[in-house]
Amino acid sequence: MFKYLKQLTSLVAMVAVLFTFTTESMAAKKSKTLKNTQKKGFVRCGVSQGLPGFSNADAAGNWTGVDVDVCRAVAAAVLGDANKVKFTPLSAKERFTALTSGEIDILSRNTTWTLSRDADIGLTFVGVNFYDGQGFMVRKSSGITSTSQFKNGISACTNIGTTTELNMRDFFNSKGISYEPVAFEKADEVVAAYDAGRCDTYTTDKSGLAAQRTKMKNPDEHIVLPETISKEPLGPVVRQGDAVWEDIVRWSLNTMIEAEEYGITSSNADMMKTSDNPAIKRLVGAEGELGAAFGLDNDWSLRIIKQVGNYGESYKRNIADTGILPDRGPNQLWTKGGILYVPPAR
Amino acid sequence: MNFKLKDIIPQLITVIAVVLVFGFFTYNAQINMENRGIDFGYGFLSQESSFDVQFSLIEYDGSHSYFRAYLVGLLNTILVSVIGIVIATILGVIVGIARLSPNYLINKFAAFYVEFFRNIPLLLQIFFWYFAALRALPLPQDAEAIFGVFFLTIKGLYVPAFLWQNFNIFFYSIIAAIIAIILIKTHAKKIQEKQGKQIPVFLISIGLIFILPILSFLIGGVRLSFEVPVLKQLATTSFIYEGGVSLPPELIALTLSLSLYTATFIAECVRAGIQGVGKGQKEAAASIGLTPNQVLKLVIMPQALRIIIPPTTNQYLNLTKNSSLAAAIAYPDLVLVFAGTALMQTGKAIEIVSITMFTYLTLSISISILMNWYNKKIAIQEK
């Protein structure tokens, strides 16, 4: 009897080992994208062609921005190094094709989450990293302080391939105002044309307006009107059909937001391992087996926090300190009056 | 039998290879699209487009279908191509002849123009003309009227609108004038062949094309009035012109840059064509007493055209295809409206790109057929 018990224990142990082994490799096996990324040694990330605060390259080719940080977080989680990202600048027009055709694995390019995009074109949105809304910019000298002062014949500069064109039509139609849409392929030309006086107003997401204003000849001559005419939840997108990869990207973003909630920063993350709070210990990998579900080790979230920082650090570094939008507005934690609220990591 | 088989086999292999390659691409695309949950189909063309377009030749707004948006883009592409081809041809012929001028200044100026404009990338030229124009043009409120009715501003060229009464009578009068001119021309040719007498066809034609329409005004009840653009204030410093017709600066900049660029190549074709006609032809023509004008019109040009037309056809095709650079400066052509906005809104990349490619192919082939027909017509007729 005793003999059998011993044999039984070893059998159970063997099954258990086998089982964990298979679940682990199954996660990795199920995700072709994860496997390919680990084989290549870098995360392929689609970003904008230059939107300060979100994704912008400096003269040396270093990319910074909150959208860029999402990709860096995934690289830190999957490859252990936040710098192992290959950025592909994409126009609004190219972005979805680049993702569905497999040229990139994450699209983190101030992209609005809408039903038709999520359902129709083979994409899956994994979350929201910036709550935005479309607004209008005008010249201060025009005396316009509200969209209610818009009159028939107003010309509006914008760029194509975005929800902007649709919102603009809805807005002007509902107000019964006739307008002249001047739609460019690239944002730089929109700014140049508006700045030159081609258009009376420039319309796009308010974050974009704030960012582009910094590029203008004389930023102080322009104001962003207070009205917001649409909801624009911006977030990272992945291809449909790879649930594990989708989860990895979603929880890399969620980790950054939850880390801020618990006060874990890039500088104190290691110390937090000894925290009394189990939620904190789980986030820094000192407790639980959260990484196993994705086929990752247990330090994946710690690496994100240490190498990229929490959401608040990323926001401060990229958007607040650069003077684009010093006020976090809705992009504040739910505990501090904002609407950033992510499911718990457990 | 053996001999025939030898001929057929390579062709057969080529055909099979082509079919296989296309089959593989189609199959591959299908599998990939299925895996990614993208459906294929042209049904979206009848859906509501829900975006507006800045400039359209037909009635259009966001409540129309995607197909209508496609037509808007196509017509805008054709518009800019046709205007571009006409201006480029006129300018090209003038510069081409000027390059052969014995006048040093004219000659060198033409050469400088050709070398300058053909050696700068077209996209740069488009940006230059667009943004240079935007910087240089006045705001609507500062614009000086040209002849009292035209206003060239940063928001476009505003011209008076024509308001017609009984336009169809005016239209018929022009048609009648054209038919009359053709009849007179054939008659004049007959008389010249029979009696050697020359009738001043050109003067008569000019007379007809003016007199008949004027008659339509006097007795046909045709009335024309103009709606002159009027300045309207939108806000403290923001104005537009209302009434009349406005040509957007994007259209003007695009036509200008396409014409100036393509004219250089056409000028070279023209120069090559004229130089390709033997010197003896000119001397022989002069020796039988033709005036220099007649020499150029009756002897040199008919022969030069045979050399000029084929390469010029290429330039026409290039101009049409180059017009797709319009997207960079917000001129709503086929690429911007259909392969741009419509593609983004629907996500139907393969469908829309295939339609767009097919459309450009059709446009180009139409131009080719037209030019080949003309080329055949002026070719040496073996009798």
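Residues numbered from 1 in each chain as written. Chains lettered and ligands numbered in written order. Predicted model: local features only at pLDDT ≥ 70, side-chain atom pairs only at ≥ 80, totals over all residues.

A. Quick look at the overall build of chain A. Each helix and strand counted, chain A has 12 helices and 14 strands in total. Along the three orthogonal principal directions, the C-alpha set of chain A runs to about 95 × 40 × 40 Å. Considering chain A as a whole, with its 346 residues, one finds that 51% of them fall into the buried category. By sequence separation, contacts in chain A at least 24 residues apart represent 73% of the contacts at least 6 residues apart. (Helix = DSSP H or I, 4+ residues; strand = E, 2+ residues; numbered from the N terminus. Buried ≥ 20, exposed ≤ 12 C-beta atoms within 10 Å, placed from the backbone. Contact = placed C-beta atoms within 7 Å.)

B. Representation of the overall build of chain B within the structure. Scanning chain B from N- to C-terminus turns up 11 helices and eight strands. Taken against the 2.2 N^0.38 rule, which gives 21 Å for 383 residues, the C-alpha radius of gyration of chain B at 27 Å runs more than 25% over that of a compact globule. When the backbone C-alpha atoms are referred to their principal axes, chain B occupies close to 85 × 80 × 45 Å. Buried positions account for 29% of the 383 residues belonging to chain B. The long-range fraction of contacts in chain B, counting pairs at least 24 apart against all pairs at least 6 apart in sequence, stands at 66%. (Rg over C-alpha atoms; globule rule 2.2 N^0.38 Å.)

C. Looking closely at the sheet that holds strand 12 (residues 222–224) of chain A. Residues and elements named next belong to chain A. A sheet is described by the order of its strands in space; here five strands give the open sequence 10-9-11-8-12, paired in mixed fashion. For this open sheet the edge positions go to strand 10 (179–184) and strand 12, each flanked by a neighbour on one side alone. Neighbour to neighbour, the strand axes of the sheet diverge by 25° on average, direction disregarded. (Pairing = 2+ DSSP bridges. Axes fitted to C-alpha atoms, helices over the stretch in contact; angles between N-to-C directions.)

D. Focus on the environment of Gly338 of chain A. Residue and element names in this part refer to chain A. Note that Gly338 resides in the segment after helix 12 (311–320). Since 14 C-beta atoms lie within 10 Å of it, Gly338 is described here as partly exposed. Between the C-alpha atom of Gly338 and that of Tyr131, which follows or precedes it by 207 residues, the distance is 10.0 Å.

E. Structural context of helix 7 (residues 187–196) of chain A. Residues and elements named next belong to chain A. Most of helix 7 is tucked away: eight of the 10 residues are buried. Within helix 7, the full set of buried residues consists of Ala187, Glu189, Val190, Val191, Ala192, Ala193, Tyr194 and Asp195. Positive phi shows up at Gly197, right after helix 7, with a value of about 105°.

F. The domain arrangement of chain A, seen in detail. Residues and elements named next belong to chain A. As assigned here, chain A comprises domain 1 (31–131 + 234–329) and domain 2 (134–230). Contacts between the two partners involve 15 residues from domain 1 and, on the opposite side, 14 residues from domain 2. Looking at the side of domain 1 that touches domain 2, its residues break down into seven nonpolar, seven polar and one charged. (Domains from an automatic or database assignment. Nonpolar A, V, L, I, M, F, W, Y, C, P; charged D, E, K, R; others polar.)

G. Up close: the sheet that holds strand 8 (residues 245–247) of chain B. The four strands are arranged 1-2-3-8 (chain B) in an open sheet whose pairing can be described as antiparallel. Two strands in the sheet have a free side with no partner beyond their single neighbour: strand 1 (145–146) and strand 8 of chain B.

H. Focus on the interface of chain A and chain B. Contact with chain A, which involves 39 residues of that partner, is made by 35 residues of chain B. At the level of secondary structure, the elements contributing two or more residues to the side of chain A that touches chain B comprise helix 4 (95–100), strand 9 (154–159), helix 6 (163–175), strand 10 and helix 7 of chain A. Take the side of chain A that touches chain B: its biggest share by element is five residues, from strand 10 of chain A. Broken down by class, the residue content of the side of chain A that touches chain B amounts to 14 nonpolar, 13 polar and 12 charged.

I. Local environment of the packing of helix 3 (residues 104–118) of chain B against helix 7 (residues 249–275) of chain B. Residue and element names in this part refer to chain B. Between helix 3 and helix 7, the shortest axis-to-axis distance is 8 Å and the interhelical angle comes to 125°. With respect to their mutual orientation, helix 3 and helix 7 come out oblique. In this structure, helix 3 crosses over helix 7, and the sense of that crossing is left-handed. Counting all contacts with helix 3, which are made through Tyr113, Val114, Phe117 and Arg118, the residues of helix 7 involved are Leu260, Tyr261, Thr264, Phe265, Ala267 and Glu268. (Parallel < 35°, antiparallel > 145°, perpendicular 65-115°, else oblique. Left-handed = near helix turned anticlockwise from the far one by under 90°.)

J. Structural detail: the domain arrangement of chain B. Looking at the assigned domains, one finds that chain B contains domain 1 (2–39), domain 2 (48–120 + 245–378) and domain 3 (169–218). On a C-alpha basis, the centroid separation for the pair domain 2 of chain B and domain 3 of chain B is 30 Å.

K. Looking closely at the pairing of strand 7 (residues 238–242) of chain B. Residues and elements named next belong to chain B. Most of strand 7 is tucked away, with four of its five residues classed as buried. Bridge count between strand 6 (residues 230–235) and strand 7: five bridges; the pairing is antiparallel. Note on strand 7: the bridge partner recorded for Val230 is Glu242.

L. Fine view of the nonpolar core. The biggest cluster of nonpolar side chains holds 157 residues, and the ones touching the most others in it are Val74 and Ile248 of chain A. A per-element tally of this core places helix 7 of chain B first, with 13 residues. (Core = buried A, V, L, I, M, F, W, Y, C linked by C-beta atoms within 7 Å.)

M. Inspection of the environment of Gly235 of chain A at higher detail. Examined against the element boundaries, Gly235 of chain A turns out to sit in the loop between strand 13 (232–234) and strand 14 (237–239). Those residues in contact with Gly235 of chain A, other than ones at most four positions away along the chain, are Thr111, Trp113, Phe125, Val126, Gly127, Val128 and Asn129 of chain A.

N. Up close: the confidence of the model for chain B. Mean pLDDT over chain B stands at 88; residues scoring 70 or higher make up 98%. Note on the complex model: pTM 0.79, ipTM 0.79. (pLDDT = per-residue confidence, 0-100.)

O. Quick look at the packing of helix 8 (residues 279–287) of chain B against helix 9 (residues 292–322) of chain B. Residues and elements named next belong to chain B. Packing of helix 8 against helix 9 leaves a shortest axis separation of 10 Å and a crossing angle of 155°. It follows from the interaxial angle that helix 8 and helix 9 lie roughly antiparallel. Crossing angle aside, the handedness with which helix 8 passes helix 9 is right-handed. Residues Gln281, Lys282, Ala285 and Ala286 of helix 8 lie in contact with helix 9, whose contacting residues are Val295, Val299, Ile300 and Gln303.

P. Spotlight on unusual backbone geometry. Phi is positive for Asn110 of chain A, close to 25°, though the residue is something other than glycine. With respect to the helices, strands and loops of the structure, Asn110 of chain A is situated in the loop between strand 5 (106–107) and helix 5 (115–120). At Ser50 of chain B, a position not held by glycine, the phi torsion is positive, near 55°. Taking the number of C-beta atoms within 10 Å as the measure of exposure, Ser50 of chain B has 17 and is therefore partly exposed.

Q. Up close: helix 4 (residues 122–136) of chain B. Residue and element names in this part refer to chain B. A rise of 1.5 Å per residue sets the reference length of helix 4, with its 15 residues, at 21 Å; its end C-alpha atoms lie 20 Å apart and thus fit the reference within 8%. Taken together, the buried positions of helix 4 are Ile126, Trp129, Tyr130 and Leu134. Burial along helix 4 is one-sided: seen end-on, the buried residues are contained in an arc of 120°. In helix 4, the exposed residues that point more than 90 degrees away from the buried face are Leu124, Ala132, Arg135 and Ala136. (Expected span 1.5 Å × (residues − 1). Arc of directions from axis to C-beta.)

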